[in-house]
Amino acid sequence: MTTLEHHDYDVIIIGAGGAGMRAAIEAKERGLRVALICKSLLGKAHTVMAEGGVAAAMGNVYEEDNWKVHFRDTMRGGKMLNHWRMAQLHAQESPDRVQELEKWGALFDRTKDGKILQRDFGGHRYARLAHVGDRTGLELIRTLQQKAVSLDIDVFMECKVVRLLTGDDGSVTGAVAYWRPTGEFVTFAAKAVVLATGGVGKSWKFTSNSWEGTGDGHAVALWAGAELIDMECVQFHPTGMVWPLSVRGILVTEGVRGDGGVLKNSEGERFMFNYIADMFKAETADSEAEADRWYDDHTAGRRPPELLPRDEVARSINSEVKAGRGSPHGGVFLDIASRRSAEVIRRRLPSMYHQFMELAGVDITQEAMEVGPTCHYIMGGVRVEPDNGATSVPGLFAAGEVSGGMHGSNRLGGNSLSDLLVFGRRAGMGAADFAEGRAGDVPKLEESLIRHYIDEALEPFTRDEGENPYDLQHDLQEMMQTNVGIIRTGPELDEALEKLEVLKERVNNISVKGGRAYNPGWNLATDLPAMLTVSTCVALGARERKESRGGQTREDFPKADPELGKINFVSRQPAGGGFNEEIKISPEPLPEMPDELKALLEEAPK
Amino acid sequence: MTTVENSATRVDNSETPVVLGGTRGGPDVSTVRKDRWWISPVITVSILTSFVVYATWAAFVGKNYYAGSSLHRDLISPFYSPCLTASCVPGSTHSPTISWWTISPALLILIFPLGFRLTCYYYRRAYYRSFWWAPPACSVVDSHKSYSGESRFPLIFQNVHRYFFYFGLIFNVILTYDAILAFSMPGEGGIGVSIGTLILCSNAVLLWLYSLSCHSCRHLCGGQVRSFAKHPWRHKFWKFVTPLNAKHMQFAWISLFVVALSDAYIRLVASGTITDFKIF
Amino acid sequence: MSDVVMHVWRGDSNGGDFEEYTLPAQEGEVVLDVIHRIQATEAPDLACRWNCKAGKCGSCSAEINGKPRLLCMTRMDQLPEGEPVTVTPMRAFPIIRDLVSDVSYNYEMARKVPAFLPPPRPEDGYRMSQIDVERGQEFRKCIECFMCQNVCHVIRDHEENKGKFAGPRLFIRYAELEMHPLDTNDRRDLVRDKAGLGMCNITKCCTEVCPEHIKITDNAIIPLKERVVDADFDPVAWLGRKILRRTKRTPQEASVQPE
């Protein structure tokens, strides 16, 4: 048996998006040995796709804004399923995190008096999103990347973690990974591990997620004994591109609507006025004139309904299309051309202009865009302690999209970038504390288990005949889109779970050709188990949660059930599980919110 | 494989150890491009060569560069202005003259506009590509054995561009003065506008545009400051020249053509081949 | 619709060759879609790096018909019809496999850039004006596709220069820092001495290939060259410094990291 490449660290961080890099910076600044492991090159993570901005109640544009309003908006947007403590920490700390970025070199757009400019976004009461045109995610990731580089953090690029390792006491001891360029395996022993692997969107057909969004972190955490909560809460972003087919799902930033864009159906009607839910009636405009006044002065009118939370808008678009009032390619029209000058559009939304021009041949300063819902974000995820990101597995921490609880059943736009920063830092601190407190040097890894996991990952090479991983991925995506899409029903979910069992059998029969070096077929084969695990969790959660709430919409239970609004659905597996093992799901009560925070929610909007 | 190893010092100023070599991908050919990438260098070479040949001849020939009062005009070729030697034809000079310079007066002064264009960031691009073939076109191989760019002698002298720019400004003033003189029509009504007037005026305007759009000018106007907000006037200047700078290439070509045209036109007038048509 | 013929480079450090694939054309496709179809059918092991497929991450850089392009932003209907489409990996970097090249060089060079060094943060936060941040924002649009590095003949055709030439991607980084209204560092000697700014002969291929349309040469490299002239080649500026007793920072001073 050849010796494996091996590394010892105090803290390893899996995933180098915003949360991962922020955690790495925090742990490294504590003087620990830190490794950052990512599936792609550094700086390519899905965070770059975030466009609109980072939500932080700095009050630079509206002095009335403060963390309490942000907290309230976040809880209401999440339909009260959020972990109150996470929402509180998030609202309180995000201004500091944004300003910290500036100290590291970020260049946000400015107000006239030189402060950070903030823009309007769906569900946020005040203009709150610090932004850089429509490429805020890129700014964030580049700033963190440059900070990480200046701290000399060890980075393992194009290195995919297949499994976490745990010790006899159930604590995490390290990870097994392989280098994508060579296909050679590598092991990491670490006192603490931070998961920051992002989302799961690649299991759907129309998604804004890149190939990386395969839920690796959710899956390895579950397999290692951690808990996943509310996996049924999947956000479908209301505005993805719908045409040409090859770009279907690519995101169209909410900033288009924040900056004045409106949604119209094929009859030219601003249909969002017909879909204002009772919960939002008090603060949403009921006429076009009132909505239009709001853009210039938020005190002159109530918010336009285009800026309702994402779940509301996505469902409304879906209904319009179903009612036969959709655009030629099955979406609706997003029109900013007739409402803002070409110059303003190009300055405020440069990458949207570019994206439509190059990919669809549409000039958004002249024509309306065709848009429709696209799978975007998972609110559910690994259950963590709000203050330090600790999971139920000792030594394992999680932050960012892979963690659950922060956003409840629906995330507000702009809250993900602030989530990354706030909880990335906290998970980094938590992991550093844990590593410092863990006795002895790095834990010993169990050789036989490592071999087992490596053999498992290499199994597809051993079969001469078998399933093509691309076919399997395609079938999974088709199935999830149809059965576990934006609108769900009990029978469809039952069918989904049956089909997932069939897919699991087929994954056990995958065969790949060629060598191990940069073999995308094999890489996909090693992603599929995670995709199946998270898809199963989503389908299970969706079946169990018999209500409609945020990212979970049940046609057979169209109303929110107040009782279920106090419940998390928790998925579990015994430690050492895998995608073939059974996943158990159980309802558990949400943590009780302190009275002073409850009072904030009661307060009528000013 | 891309590990970035921990190093003892935070910043390492040594040359990067080149572990970066290795087999390149793609076929070992000078280019995979199949489009006609060579058209652009061919055009550049033809135009620049024609200009150099013409300008050399025109500079050495030392006559027919001034259409004076005998022709009821005051038109001087930009190649010969300012005319500073004792050999300058009567009327063409407005300053004390140098007697020891006996060859063509053009050769005394042409070094400045020539130097300005030779060290110009745009012309550098043009001739490095088309004459030097370093590289002839993007993703077409530059087959020189070694390459040090502008980091060593003699090309390090490209850095004096801003001084040629300053001299260029002096020339612009003189050639603007020439353009004003071109309105004078001694013995034909005193002042007027002829084709020659228009040519010399456009020549002066284009030379100003070429100079003001220069990259050094943009830098000196305001590009060099760290904060525009602290230097509002520098920002105004910078904002004025920035759109011009974007058209520097166009100005470089058009002004080159018009300079040659001015010389050729005046040459034809001065030699009596044609008469300068008076418009009004 | 008719068929498309793709000539795709297949190989690794031991050599390689073009492989021909013929597929039915589909409306609105970009080159990356066609590569994905090849992977899903004929060649599951065809290596190709990609992430966002929306021109925002800069992963899928390669050369299409010999020109550096993003595979995800090159529409098939923009390429000459009826001719085979040639896809090769970036030429300036070592090949890993097929269309994937080893871009470590760029990350190595990025490590040498001395970080942003602002003054301590004032009580009510930093103030900057929009006109100042816009200058740096142009450079921060960079998606690190490294096509400017790839097309730059200084390293593409002269391997020996790789150790001492930062390349256009890093020049815009230096420019961004030098133009940052809050930065207190002076990297001019560093950029001349260690980053090889003088090797650039401004032939502008970097600007031509930039998918973000950053004016790399006009707005970053030439301004940097002019700043180096201010520091090193301008006798008037030198005299001015002597009279006003201003100093510039040595490369060693400039390279000290904050904190």
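Keep in mind it's a predicted model, so treat the numbers as computed, not measured. (Residues numbered from 1 in each chain as written. Chains lettered and ligands numbered in written order. Predicted model: local features only at pLDDT ≥ 70, side-chain atom pairs only at ≥ 80, totals over all residues. Heavy atoms only, no water.)

1. Side note on the layout of surface pockets
Reasoning step 1: Roughly 1300 Å³ of volume is contained in the second largest pocket.
Reasoning step 2: Taken together, 48 residues make up the lining of the second largest pocket; nearest its centre are A:K202, A:Q473, A:Q477, C:D33 and C:H36.
Reasoning step 3: Listing elements by their share of the lining of the second largest pocket, those giving two or more residues are α14 (469–483) and α16 (520–544) of chain A together with α1 (31–40) of chain C.
Reasoning step 4: Across the lining of the second largest pocket, the residue classes break down as 15 nonpolar, 18 polar and 15 charged. (1 Å grid on protein atoms, 1.4 Å probe; cavity = no way out; pocket = protein on both sides within 12 Å on 5 of 7 lines; lining within 4 Å. Points joined across faces, edges and corners; volume = space filled by probe spheres on them. Helix = DSSP H or I, 4+ residues; strand = E, 2+ residues; numbered from the N terminus. Nonpolar A, V, L, I, M, F, W, Y, C, P; charged D, E, K, R; others polar.)

2. Some details on the UniProt feature "transmembrane region" (unreviewed entry) in chain B
Residues and elements named next belong to chain B.
Reasoning step 1: UniProt tags residues 37–60, 100–123, 163–185, 191–210 and 251–270 as "transmembrane region" (unreviewed entry).
Reasoning step 2: The distance from the first to the last C-alpha atom of residues 163–185 is 36 Å, and the span holds 83% helix and 9% strand.
Reasoning step 3: A distance of 28 Å separates the end C-alpha atoms of residues 191–210, which is 80% helix and 5% strand. (UniProt positions renumbered as here; feature names shortened; annotations may be inferred.)

3. Side note on the sheet that holds strand β13 (residues 332–335) of chain A
Residues and elements named next belong to chain A.
Reasoning step 1: The four strands are arranged β11-β14-β13-β12 in an open sheet whose pairing can be described as antiparallel. With one partner strand each, in any of the chains shown, β11 (234–241) and β12 (262–264) form the two edges of the open sheet. Direction aside, the axes of adjacent strands within the sheet are offset by 45° on average.
Reasoning step 2: Sheet topology places β11 next to strand β14 (residues 369–378); six bridges connect them, and they run antiparallel. The residue of β14 that forms the bridge with Q235 is Y377. (Pairing = 2+ DSSP bridges. Axes fitted to C-alpha atoms, helices over the stretch in contact; angles between N-to-C directions.)

4. Points about the pattern of salt bridges
Residues and elements named next belong to chain A.
Reasoning step 1: As enumerated under the stated definition, the model contains 105 salt bridges over all chains in all.
Reasoning step 2: A salt bridge links K264 to D335; the shortest N-O distance between them is 3.1 Å. Separated by 71 residues along the polypeptide, K264 in strand β12 and D335 in strand β13 bring together distant segments of the chain.
Reasoning step 3: Looking at K264, the relative accessible area reads 23%, which means it is partly exposed.
Reasoning step 4: Several salt bridges converge on common partners, so that one network encompasses D65, R72, D73, R76, R128 and E283. (Salt bridge = Lys/Arg side-chain N within 4 Å of Asp/Glu carboxyl O. Buried < 20%, exposed > 50% of the residue type's maximum accessible area, 1.4 Å probe, protein only.)

5. Notes on the state of the cysteines
Reasoning step 1: Within this structure, the stated rule accounts for two disulfides over all chains.
Reasoning step 2: Paired by a disulfide, B:C83 and B:C88 hold their sulfur atoms 2.1 Å apart. Residues B:C83 and B:C88 share a disulfide whose torsion about the S-S bond is about -95°; that sign makes it left-handed. Like B:C83, the residue B:C88 is buried in the burial classification.
Reasoning step 3: The disulfide partner of B:C138 is C:C205, and the S-S distance across this bridge is 2.1 Å. Because the torsion about its S-S bond is -95°, the bridge between B:C138 and C:C205 counts as left-handed. With B:C138 in the loop between α4 (121–130) and α5 (161–181) and C:C205 in helix α8 (residues 205–209), this residue pair bridges two chains. (Disulfide = S-S within 2.5 Å.)

6. Some points on the domain arrangement of chain A
Residues and elements named next belong to chain A.
Reasoning step 1: The assigned domain composition of chain A is domain 1 (3–233 + 386–445), domain 2 (247–373) and domain 3 (461–587).
Reasoning step 2: Each of domain 1 and domain 2 was reduced to a C-alpha centroid, and the two centroids are 29 Å apart.
Reasoning step 3: On the side of domain 2, 29 residues touch domain 1, which itself brings 27 residues to the contact.
Reasoning step 4: Overall, the association of domain 1 and domain 2 removes approximately 2300 Å² of surface from exposure, summing both partners, and the carbon and sulfur fraction of that is 48%. (Domains from an automatic or database assignment. Contact = heavy atoms within 4.5 Å. Buried area = accessible area lost by both parts, 1.4 Å probe.)

7. Some points on the packing of aromatic side chains
Reasoning step 1: Inspection of every chain in the model, using the stated rule, returns 37 aromatic pairs over all chains.
Reasoning step 2: Here A:Y178 and A:F185 contribute two aromatic rings whose centre-to-centre distance is 5.7 Å and whose plane-to-plane angle is 65°, an arrangement assigned as edge-to-face. Each member of the pair, A:Y178 together with A:F185, is buried.
Reasoning step 3: Ring pairs connect the aromatic residues B:F116, B:Y122, B:Y123, B:Y163, B:F165, B:Y166, B:Y210 and B:W253, which therefore count as one cluster.
Reasoning step 4: Here the basic side chain of C:R135 rests over the ring of B:W238, its NZ or CZ set 5.9 Å away from the ring centre. (Phe/Tyr/Trp six-rings, centres within 6.5 Å; stacked < 30°, edge-to-face > 60°. Lys NZ or Arg CZ within 6 Å of the ring centre and 35° of its normal.)

8. Considering the interface of chain C and chain A
Reasoning step 1: The interface is formed by 60 residues belonging to chain C together with 63 residues belonging to chain A.
Reasoning step 2: Carbon and sulfur atoms make up 53% of the area that chain C and chain A hide from each other, which totals about 5000 Å².
Reasoning step 3: Taken together, the links from chain C to chain A amount to five salt bridges.
Reasoning step 4: A salt bridge links A:E51 to C:K56, with the nearest nitrogen and oxygen atoms 3.1 Å apart.
Reasoning step 5: Taken together, chain C and chain A are joined by 39 residue pairs in polar contact (both at pLDDT 80 or more).
Reasoning step 6: Breaking the side of chain C that touches chain A down by element, the ones donating at least two residues are α1, β6 (95–97), α2 (104–111), α3 (130–140) and α6 (168–178) of chain C.
Reasoning step 7: Of the residues contributing to the side of chain C that touches chain A, the split by class is 27 nonpolar, 13 polar and 20 charged. (Polar contact = N/O pair within 3.5 Å; in protein donor to acceptor, adjacent residues only side chain to side chain.)

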